[in-house]
Amino acid sequence: MDAVQRANSGHPGAPMGMADIVTVLFTKHLKYDSDSPNWPDRDRLILSNGHASMLLYSLLYLTGYDDMTLDQLKNFRKLGSRTAGHPEYGHASGIETTTGPLGQGLANAVGMALGERIKNERLGNDLIDHFTYVLVGDGCLMEGISHEAISLAGHLKLSKLIVMFDDNNISIDGSTDLSVSDDQVARFAASGWDVLSIDGHNYESIDEALTMAKQSDRPTMIACKTKIGFGSPNKEGSASAHGSPLGDDEINVTRDNLDWPHKPFDVPSEILSAWRAAGSRGKSELKIWQEKFSSLDEIKRAEFEEMLSDKVPNDINKYIIDHKRQVSNEKPKWATRKSSEEILKVLTKQMPNLIGGSADLTGSNNTKTDSTIPISADKYGGSYIYYGVREHAMAAIMNGLALHGGFIPYGGTFLTFTDYCRPSIRLAALMGLRVIYVMTHDSIGLGEDGPTHQPVEHISSLRAMPNLNLFRPADPIETAECWQLALESTSTPSVLALTRQGLPTLRETHTERNMCALGAYVIEPAEGNGDERQATILATGSEVEIAIAARKILQLEGIATAVVSMPCWELFDKQPKSYREEVLGRVGVRVAVEASVTFGWSRYGVDEFKVVGMQSFGASAPLSDVYSHFGITTEAVVNAVRSEL
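Please read these numbers as outputs of a predicted model, since none were measured by experiment.

Before going further, it helps to examine helix 9 (residues 203-213). Taken together, the buried positions of helix 9 are Ile206, Ala209, Leu210 and Ala213. Seen from one end, helix 9 has its buried residues packed into an arc of 95°, which puts them on one side. Backbone nitrogen of Glu204 and a side-chain oxygen of the N-cap are separated by 3.0 Å at the start of helix 9; the cap is Asn202.

It is worth spelling out a nonpolar patch on the surface at this point. A cluster of nonpolar side chains, namely Leu258, Trp260 and Ile271, defines an oily patch on the protein surface of about 230 Å² accessible area. By the secondary structure assignment, Leu258 is in the loop between helix 10 (248-257) and helix 11 (269-280).

End to end, helix 2 (residues 13-29) covers 24 Å across 17 residues, agreeing with the expected 24 Å (1.5 Å per residue, within 8%). The sharpest bend along helix 2 comes to roughly 50°, located at Ala19. For helix 2, a buried count of 14 out of 17 residues is recorded, marking the element as mostly surrounded by other parts of the structure.

With seven of its seven residues buried, strand 11 (residues 408-414) lies for the most part within the structure. Summarising the sheet, strand 9 (residues 354-358) and strand 11 pair through three bridges and their orientation is parallel. Within the sheet, the bridge partner assigned to Leu354 lies in strand 11 and is Ile408. Taken together, strand 11, helix 18 (residues 418-431) and strand 12 (residues 436-440) form a β-α-β motif whose crossover is right-handed.

The biggest cluster of nonpolar side chains holds 61 residues, and the ones touching the most others in it are Leu114, Leu158, Leu161, Leu401 and Tyr437. For this core, the element with the most residues is helix 17 (residues 391-404), which contributes nine residues. If sequence neighbours within four positions are ignored, Leu161 has contacts with Ala109, Val110, Ala113, Thr132, Val134, Ala153, Trp193, Pro219 and Thr220. Core analysis: the next-biggest nonpolar cluster, separate from the first, contains 49 residues, Ala535, Leu538, Val563 and Val638 among them.

The final tally for this structure, using the stated rule, is 33 salt bridges. Glu341 is the salt-bridge partner of Lys338, the closest N and O atoms lying 3.4 Å from each other. Highlighted residues: Lys338 and Glu341, both in helix 15 (residues 336-350), separated by three residues, approximately one helical turn. By relative accessible area, which is 27% here, Lys338 ends up partly exposed. For the salt bridge of Lys345 with Glu342, the shortest nitrogen-to-oxygen distance reads 3.0 Å.

Remark: a regular strand shows side chains that alternate across the two faces of the sheet. In terms of burial, strand 19 (residues 589-597) is largely enclosed, as eight of its nine residues are buried. Of the pairings in the sheet, the one linking strand 17 (residues 535-539) to strand 19 comprises five bridges and is parallel in character. Across the sheet, Ala539 pairs through a bridge with Val593, a residue of strand 19. Of the strand pairs in this sheet, strand 19 and strand 20 (residues 612-614) are connected by two bridges, and their pairing is parallel. Within the sheet, the bridge partner assigned to Val593 lies in strand 20 and is Val612.

This model, assessed by the stated rule, comprises 16 aromatic pairs. For the ring pair Phe26 and Tyr32, a centre distance of 5.3 Å and an interplane angle of 70° mean the geometry is edge-to-face. The same class applies to Phe26 as to Tyr32, namely buried. With centroids separated by 4.7 Å and ring planes inclined at 75°, the aromatic side chains of Trp569 and Trp601 adopt a geometry described as edge-to-face. With Trp569 in helix 22 (residues 569-572) and Trp601 in the loop between strand 19 and strand 20, the pair connects residues that are 32 residues apart, well separated along the chain.

Strand order in the open sheet formed by six strands is 10-9-11-12-14-13, and the pairing between neighbours is parallel. Among the strands making up the open sheet, the edge pair consists of strand 10 (384-386) and strand 13 (469-471). Across the sheet, the mean angle separating the axes of adjacent strands is 20° when strand polarity is ignored. Sheet analysis places strand 11 next to strand 12, joined by five bridges and oriented parallel.

So, on to the sheet that holds strand 3 (residues 161-167). A sheet is described by the order of its strands in space; here five strands give the open sequence 1-2-3-7-6, paired in parallel fashion. Single-partner strands in this sheet number two, and they are strand 1 (44-47) and strand 6 (194-199). Each neighbouring strand pair of the sheet contributes to a mean axis angle of 20°, computed without reference to strand direction. Relative to strand 7 (residues 220-225), strand 6 is paired through six bridges, and the arrangement is parallel. Each residue of the ladder has a partner; that of Ser197, found in strand 7, is Ala223.

How each quantity is defined
Residues numbered from 1 in each chain as written. Predicted model: local features only at pLDDT ≥ 70, side-chain atom pairs only at ≥ 80, totals over all residues. Heavy atoms only, no water. Buried < 20%, exposed > 50% of the residue type's maximum accessible area, 1.4 Å probe, protein only. Helix = DSSP H or I, 4+ residues; strand = E, 2+ residues; numbered from the N terminus. Arc of directions from axis to C-beta. Polar contact = N/O pair within 3.5 Å; in protein donor to acceptor, adjacent residues only side chain to side chain. Patch = residues over 30% accessible without salt bridge, like charges linked within 9 Å, V, L, I, M, F, W, Y side chains within 5 Å. Areas by Shrake-Rupley, 256 points an atom, 1.4 Å probe, with all protein chains shown as cover. Salt bridge = Lys/Arg side-chain N within 4 Å of Asp/Glu carboxyl O. Expected span 1.5 Å × (residues − 1). Bend = angle between axes of the 7 residues up to and from the residue. Pairing = 2+ DSSP bridges. Right-handed = clockwise from strand over helix to strand, strands pointing away. Core = buried A, V, L, I, M, F, W, Y, C linked by side-chain atoms within 4.5 Å. Contact = heavy atoms within 4.5 Å. Phe/Tyr/Trp six-rings, centres within 6.5 Å; stacked < 30°, edge-to-face > 60°. Axes fitted to C-alpha atoms, helices over the stretch in contact; angles between N-to-C directions.

Below, the structure is given as structure tokens:
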């Protein structure tokens, strides 16, 4: 109450209503040690209803996490504090994920629980055997992502996952019966979960429910009937306790009602000592775990440390270079989704920490290789997840896998369906997670499936997102290089935008250097006119082939023309100004071609209305007809250069 009032902003009701639940959890069940917040075998706790952030911050302070001080609580929602309005991963120990967009934490928790099962099967009970707890509210369960997440969790029988539902029947608008009448207990049961219903203010009932949940062979949902704003005489059980401070007068009467005579932020020493003891009660389990770890032989210890290191193997670059050399020699004409599959064959054979998957498009996304064994309820030790048609949950679960540590998750769907994944992609970017999205069918080039499946605005939209690398490779060589860069981007998620249609190998001369690491480079230089450029054609992905064909015509006309392949704008923008000017050309005209809306090209000195690109949605027709109909052709690029000259 006091922190929210001091900030004059926040949500006091949910923390007050869930206080009894978390008291039992932290003092009797949660396996943790506040002095060792990164213990690999700790239980995970996720606050999916992130607006209740003061609940988590208070617990971290009370149990003795070093970086959550009383001053941090006093500075709730202030610039520079660790106590942001919603919990943010990396701001303080004990914050396992960034939550706030409702339902995301629940799906992250599914990823963490799955990560625990994968590691358990690979490493054994002595090293990894813990629970994932997640607190959810009515809003989390209204969000569509919750259905996708609980469905997959039930299917995979993630028995170490326990959901505690703050069942208070209140949302911001008022009573939840204004908008929903779902039977959440029946819903979870229908998805293969164990379900329990209890009084969320009865310590004995909470304790018994958690004990039963930990013994189940299925995931468990505990519906905890609570009162939002518990203890507030005039606001308990009402929407007025949800999203705004209670007010000084109401806080005073609540203090009296709860028999709490202490001043704001004053925690009596005997109470604080009891909480600090709770924060240390996991030390004995930690010591046992450390002894087991110390007794491992050198090979097993190295295996464990490698799994948790998040590092790419030192020799992986050698395998990528060898693959590039072979491709340069053989010069295949592959769709870049096929090119992605071919480099994945190399990577998955060497990197068991790559956890792949697809949202029911495995054969179209080309995300599975012979080295990836499907994960199932009977076999968690694999490395490939059949997500089903659950794009949103897939992206959020991948975030959970990355957060659990030791995994590099990648997952596929069509690029147009990044719309379904976008909230989770945004949170991956915000948290700085290495998650890789294999997004195929990247333009009108997919042809007959038509405008519902042809992404035109998506590339520009994703480029607008901070801390996200969008890669659009032009051939098998660039695809391999973009995969290498995605693996090396330890604090930035990556989208690989890949074609359905076949593309020729453009870089026929092998080079060990990763040219895509520069973001953009001259793939075909200007010739003639003293090698001084008269025109520069900028292109990405499948349109680099078109740009090179246009250059050939222009060169025959005596126009010295260079082609620049720009697989990743984000990396190019980070290069020194001198390099960017050299690549873009200091003299001559510039033209761009990309089978996407033209927004954004002006930053490279190209009038967006003169870019050879899309100005509308696509159409259902064969590939060649679609490109011709929308004017994304060699002839159009040639004419654009001529008109600029």
